[in-house]
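Residue-level structural notes
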Amino acid sequence: MPAALYLVATPIGNLEDITVRALRILKEEVDRIACEDTRHSRKLLDHYGISKPLVSFHEHNERERGDELLHALRAGERIAVISDAGTPLISDPGYRLVAAAAAEGIPVVPLPGPSAILTALCASGLPTDSFVFGGFLPPKQIQRRKTLEAWSASPATLVFYEAPHRIREALADIDTVLGSRPVVLARELTKMHEEFLRGTAAELRAGLHSANTRGEMVILIGRGEATMHDDRPIPQAVADAIASGMERMDAIKHVARQRGLSKRDVYQAVTGS
Ligand code: SAM
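We now turn to the structure provided with this report.

**Points about the side chain of Asn61**
In this structure, Asn61 sits in the loop between β3 (54-56) and α3 (62-74). The residues contacting Asn61, other than those within four sequence positions of it, are Ser56 and Gly66.

Structure (structure tokens):
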């Protein structure tokens, strides 16, 4: 059999969420499995009686290990990449290896399966026709607000990954930058304590307690009414943004983006000059 790089989705919690094809490829067709944490993946593989050699491939050794894996592929090996959870490469390592393999004409074979993004989106109750996945929200407030700002005029459902210990700050910034849009926190998907919390960012923040700030989470934010039908006068919209905690120039930028105007237009509407 010729060399191939298989990208195999694995469960995001519930061990039953793995495809028949994934099990067959991992058990019968590959020479090695590259995974983030060998101990973590060994549990899944043991559960299914898969005893292929594992090699660690994570964000800290992605370059060197990727080179070794590419070398092995060139030599004819068949290698599967899996991650700790869900679809590899989605906020997980592997992108450079796939690009390099594809550039050399080595077949790259994706095996679809779970990913927290679509699992959360389909049950969120928010529009699914168009969505933007923004990866992890930045840990620092300034960048986080900038990221939210950048997507604020998007007519799509926004989907982000977030770490549980930052959820309060993230909701506070969503409230400040995006206002009272519908927000869904999708927690512990496919696990025993799976939960969907729905409300505005302010409501969700007020309802947080120690039990529901644990575990893995996806944040989904609905398209704002304001994005589509904001009929407040521009100076009022800027004043409201400042009142919610933004710096004046950030508020001007925010309103400009929401209305599809230039910063200069908004500045002139506010200052009259
Ligand atoms: N590759 C994965 C995928 O396809 O979903 C995502 C990997 S990323 C490093 C991990 C993040 O995904 C977590 O911090 C969380 O935001 C989200 N996530 C993963 N599993 C989840 C679950 N069972 N419930 C909620 N969110 C989850």
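**Re the packing of helix α10 (residues 234-243) against helix α12 (residues 263-271)**
Axis separation between α10 and α12 bottoms out at 8 Å; the angle between their running directions is 95°. Regarding the angle of α10 to α12, the classification is roughly perpendicular. Between α10 and α12, the residues in contact are Ile234, Pro235 and Val238 and Val266, Ala269 and Val270, respectively. Its residues assigned to classes, the contact of α10 with α12 shows 6 nonpolar, no polar and no charged.

**Quick notes on the site of the ligand**
Around the ligand, the structure places 19 residues, and the nearest of them are Asp92, Ser115, Ala116, Tyr161 and Met217. In the environment of the ligand, a nitrogen atom lies 2.9 Å from a nitrogen or oxygen atom belonging to the backbone of Ile12. One nitrogen or oxygen atom from the main chain of Ala116 is found 2.7 Å from an oxygen atom belonging to the ligand. The cavity where the ligand resides is the largest pocket. Here the residues of the shell around the ligand are counted per class, giving 10 nonpolar, 4 polar and 5 charged. Looking at which domains feed residues into the shell around the ligand, each of domain 1 (4-114) and domain 2 (117-226) supplies at least three.

**Description of helix α6 (residues 141-151)**
Each full turn of the α-helix corresponds to 3.6 residues, which orients residues three or four apart in the same direction. Turning to α6, its buried residues are Arg144, Thr147, Leu148 and Glu149. Looking at the buried positions of α6, the neighbouring elements they touch are β7 (157-162), α7 (167-178), β10 (217-221) and α11 (248-259).

**Observations regarding the sheet that holds β7**
Pairing in this open sheet of 5 strands is mixed, and the strands run β6-β7-β10-β8-β9 from one edge to the other. In the strand order of this sheet, the two ends are held by β6 (131-136) and β9 (195-199), each with one partner. Neighbour-to-neighbour, the strand axes of the sheet open up by a mean angle of 15°, direction not taken into account. Both strand β8 (residues 183-187) and β9 contribute to a ladder of 5 bridges, which runs antiparallel. Its bridge partner lying in β9, Val183 is registered against Gly199. Taken strand by strand, α6 contacts β6, β7 and β10, and its axis lies near 160° from that of β7. Taken strand by strand, α7 contacts β7, β8 and β10, and its axis lies near 5° from that of β10.

**Things to note about the pattern of salt bridges**
Applying the stated criterion across every chain yields a total of 15 salt bridges. Here Arg32 and Glu77 are joined by a salt bridge, their closest N and O atoms 3.0 Å apart. With Arg32 in strand β2 (residues 32-35) and Glu77 in the loop between α3 and β4 (78-81), the pair connects residues that are 45 residues apart, well separated along the chain. Here Arg96 makes a salt bridge to Glu62, at a shortest N to O gap of 3.6 Å.

**Considerations on the sheet that holds strand β5 (residues 108-111)**
The parallel open sheet is built from 5 strands, whose spatial order is β3-β2-β4-β1-β5. Since the sheet does not close on itself, it has two edges, and those belong to β3 and β5, each with one partner. Strand-to-strand twist of the sheet, defined as the mean angle between neighbouring strand axes without regard to direction, takes the value 25°. Inspection of the sheet shows strand β1 (residues 4-8) paired to β5 by 4 bridges, in the parallel sense. Looking at β5, one finds that Tyr6 is bridged to Val109. This element, helix α2 (residues 38-47), spans β2 and β3 of the sheet and lies at about 150° to β3. Strand contacts of helix α4 (residues 95-103): β1, β4 and β5, with the helix running at about 145° to β1, the strand carrying the most contacts.

Cut-offs and rules
- Residues numbered from 1 in each chain as written.
- Predicted model: local features only at pLDDT ≥ 70, side-chain atom pairs only at ≥ 80, totals over all residues.
- Heavy atoms only, no water.
- Helix = DSSP H or I, 4+ residues; strand = E, 2+ residues; numbered from the N terminus.
- Contact = heavy atoms within 4.5 Å.
- Axes fitted to C-alpha atoms, helices over the stretch in contact; angles between N-to-C directions.
- Parallel < 35°, antiparallel > 145°, perpendicular 65-115°, else oblique.
- Nonpolar A, V, L, I, M, F, W, Y, C, P; charged D, E, K, R; others polar.
- Near = heavy atom within 4 Å.
- Polar contact = N/O pair within 3.5 Å; in protein donor to acceptor, adjacent residues only side chain to side chain.
- 1 Å grid on protein atoms, 1.4 Å probe; cavity = no way out; pocket = protein on both sides within 12 Å on 5 of 7 lines; lining within 4 Å.
- Sits in = over half its atoms within 2 Å of the grid points.
- Domains from an automatic or database assignment.
- Buried < 20%, exposed > 50% of the residue type's maximum accessible area, 1.4 Å probe, protein only.
- Pairing = 2+ DSSP bridges.
- Salt bridge = Lys/Arg side-chain N within 4 Å of Asp/Glu carboxyl O.

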